[in-house]
Amino acid sequence: MLNVVWAGMILISLICALATGKMSALSEAVFSGAQNAVELSLAMAGAMMAWTGFLKAAEAAGATSLLASILRPGVRRLLPGCRPGGKAEQAVCMNLTANLLGLGNAATPMGIEAMHALSEEHGGRGVSRGMARFVVLNTASLQLLPTTLGALRAAAGSANPFDILPAIWITSALSLAAALTVLFVWECFHG
């Protein structure tokens with residue numbers, strides 16, 4: 001479906017450029033946009049490598065395990081069906097740790113692993129409350145350090161890419177609270 005949308009946008013821009021006689025401006029915009037996309041990709045790749053290296057160093061120093069152990073009591077409350085010390089609990093804690101550090105790319109494989117482990121612990125019988133709650137936690141993505149957004153802002157020339165931290169903390173906390181509230185209300189009515 002998305003391919004149809006993109007194809008439609010390209011076709012409409014070609015028709016408009018032909019109708020207004022601005023084909024050269026369209027060609028220039030296409031090549032300029034492509035160059036900007038490559039430059040942004042390279043800047044993002046460098047920033048993501050730096051932050052992934054930071055996460056690996058933090059993991060080797062035991063910082064991520066420490067953060068995961070701090071998160072463990074909250075995870076046990078939010079995911080009561082999760083076996084204490086089990087594979088699912090470990091994967092959920094590591095996923096939340098990566099999300100807190102703003103490393104969405106690193107969080108994705110851990111999230112998939114957590115969902116598989118939660119499914120195994122539930123016996124593979126449909127979707128458990130723990131799985132639904134984990135999806136909400138993962139999607140809301142509470143972030144302390146939004147590294148990807150900081151890297152994007154730095155690549156776009158921001159003088160202080162992390163000056164938005166208070167706004168990120170407030171909005172991510174509010175979105176998580178709202179999502180959990182809706183989930184808990186839904187669970188009350190759908191037992």
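Conventions and cut-offs
- The residue numbering used here restarts from 1 in each chain and proceeds along that chain's sequence as written.
- Local features in this predicted model are restricted to residues whose pLDDT is 70 or higher, and side-chain atom pairs enter the listing and the counts only when it is 80 or higher, whereas totals over whole chains, interfaces and linings include all residues.
- Just so you know, side-chain values use all the structure's heavy atoms and leave hydrogens and water out.
- A helix here means a DSSP run of H or I that spans at least four residues, while a strand means a run of E at least two residues long, and both kinds are numbered starting from the N terminus.
- Note on method: radius of gyration uses C-alpha positions; expected globular size equals 2.2 Å times residues raised to 0.38.
- Burial classification: accessible surface area is computed with a 1.4 Å probe over protein chains only, and a residue below 20% of its type maximum counts as buried, one above 50% as exposed, and the rest as partly exposed.
- Between two residues, a contact is recorded if the distance between any of their heavy atoms is within 4.5 Å.
- In this description, accessible areas are obtained by the Shrake-Rupley approach with a 1.4 Å probe, and a residue is regarded as covered only by the protein chains that are shown.
- As used throughout, the charge tally considers Lys and Arg to be positive and Asp and Glu to be negative, leaving His and the chain termini uncounted.
- Every charge is mapped to an atom, namely NZ of Lys, CZ of Arg, CG of Asp or CD of Glu.
- To estimate the expected span of a helix, count its residues, drop one, and scale the result by 1.5 Å.
- Put simply, a salt bridge is a Lys or Arg side-chain nitrogen that is within 4 Å of an Asp or Glu carboxyl oxygen.
- Fitting a line to C-alpha atoms yields each axis, with helices limited to the stretch in contact; the angle taken between N-to-C directions then spans 0 to 180 degrees.
- An angle counts as roughly parallel when it lies under 35 degrees, as roughly antiparallel when it exceeds 145, as roughly perpendicular when it falls between 65 and 115, and as oblique in every other case.
- For a crossing to be left-handed, the near helix must be turned anticlockwise from the far one by less than a right angle; the clockwise case is right-handed.
- Gly falls in the polar group here, along with every residue not listed as nonpolar (Ala, Val, Leu, Ile, Met, Phe, Trp, Tyr, Cys, Pro) or charged (Asp, Glu, Lys, Arg).
- Here, the term nonpolar core denotes a set of buried Ala, Val, Leu, Ile, Met, Phe, Trp, Tyr and Cys residues that are joined through side-chain atoms within 4.5 Å.
- Per-residue confidence from the predictor is given as pLDDT, running between 0 and 100.

Moving on to the overall build of the protein chain. Broken down by element type, the protein chain carries eight helices and zero strands. For the protein chain, the succession of helices and strands along the chain, N to C, is α-α-α-α-α-α-α-α. Computed over C-alpha atoms, the radius of gyration of the protein chain comes to 21 Å, more than 25% over the 16 Å expected from 2.2 N^0.38 for 191 residues, which places it beyond the range of a compact globule. With respect to the principal axes defined by its C-alpha atoms, the protein chain has extents near 65 × 40 × 30 Å. Scored against the burial criterion, the 191 residues of the protein chain give a buried share of 29%. Across the protein chain, the fraction of contacts at a sequence separation of at least 24, relative to all contacts at a separation of at least 6, is 60%. Carbon and sulfur atoms provide 70% of the accessible area of the protein chain, an area that totals close to 11,600 Å². Seen as two clouds, the 11 positive and the 9 negative side-chain charges of the protein chain have centres 9 Å apart.

This part is about the side chain of Asn95. Along the chain, Asn95 turns up in helix H4 (residues 87–100). Residue Asn95 is classed as buried on the basis of its relative accessible area of 0%. For Asn95, the residues in contact, after removing those within four places along its chain, are Ala107, Met110, Gly111, Phe134 and Asn138.

To continue, consider H4. Between its terminal C-alpha atoms H4 stretches 20 Å, which fits the 20 Å expected from 14 residues at 1.5 Å a residue. Regarding H4, the residues found buried are Ala88, Glu89, Ala91, Val92, Cys93, Met94, Asn95, Leu96, Thr97, Ala98, Asn99 and Leu100. Trailing H4 by a residue or two, Gly102 shows a phi angle of about 75°, which is positive.

Attention now moves to helix H6 (residues 129–140). Along its twelve residues, H6 runs 16 Å from first to last C-alpha, staying within 8% of the 16 Å computed at 1.5 Å per residue. Within H6, burial applies to Gly130, Met131, Arg133, Phe134, Val136, Leu137 and Ala140. At the exit of H6 stands Ser141, carrying a positive phi of roughly 50°.

Tallied over the entire structure, the rule returns five salt bridges. One salt bridge connects Arg76 with Glu89, and the closest N-O pair in it is separated by 2.7 Å. Taken as a pair, Arg76 in helix H3 (residues 63–78) and Glu89 in helix H4 lie far apart in primary sequence, 13 residues in all. Given a relative accessible area of 39%, Arg76 falls into the partly exposed group.

Another aspect to go through is the packing of H6 against helix H8 (residues 165–189). Between H6 and H8, the least distance of the axes is 9 Å, while the angle of their chain directions is 160°. Taken together, H6 and H8 sit at an angle that is classed as roughly antiparallel. Of the two possible hands of crossing, H6 and H8 adopt the one that is right-handed. Of the residues in H8, those touching H6 at Arg129, Ala132, Arg133, Val136, Leu137 and Ala140 are Ser175, Leu176, Ala179, Leu180, Leu183, Phe184 and Glu187. Its residues placed into classes, the contact of H6 with H8 shows nine nonpolar, one polar and three charged.

Soluble, globular proteins show a tendency: their nonpolar side chains are buried together. In terms of nonpolar packing, the biggest core is built from 23 residues, with Val75, Val92, Leu96 and Leu118 touching the most fellow members. Put simply, the parts of the chain that give this core at least two residues each are H3, H4, helix H5 (104–121), H6 and H8. The biggest single contributor to this core is H4, with seven residues. Once you skip the residues sitting within four places of it in the chain, Leu118 turns out to touch Cys82, Ala88, Val92, Gly130, Met131 and Phe134.

A few words on the confidence of the model for the protein chain. For the protein chain, per-residue confidence averages 83 on the pLDDT scale, and residues scoring 70 or more make up 98% of the total. Here H3 stands out as the element of the protein chain with the lowest mean pLDDT, 79, in contrast to helix H1 (residues 2–20), whose mean of 91 is the highest.

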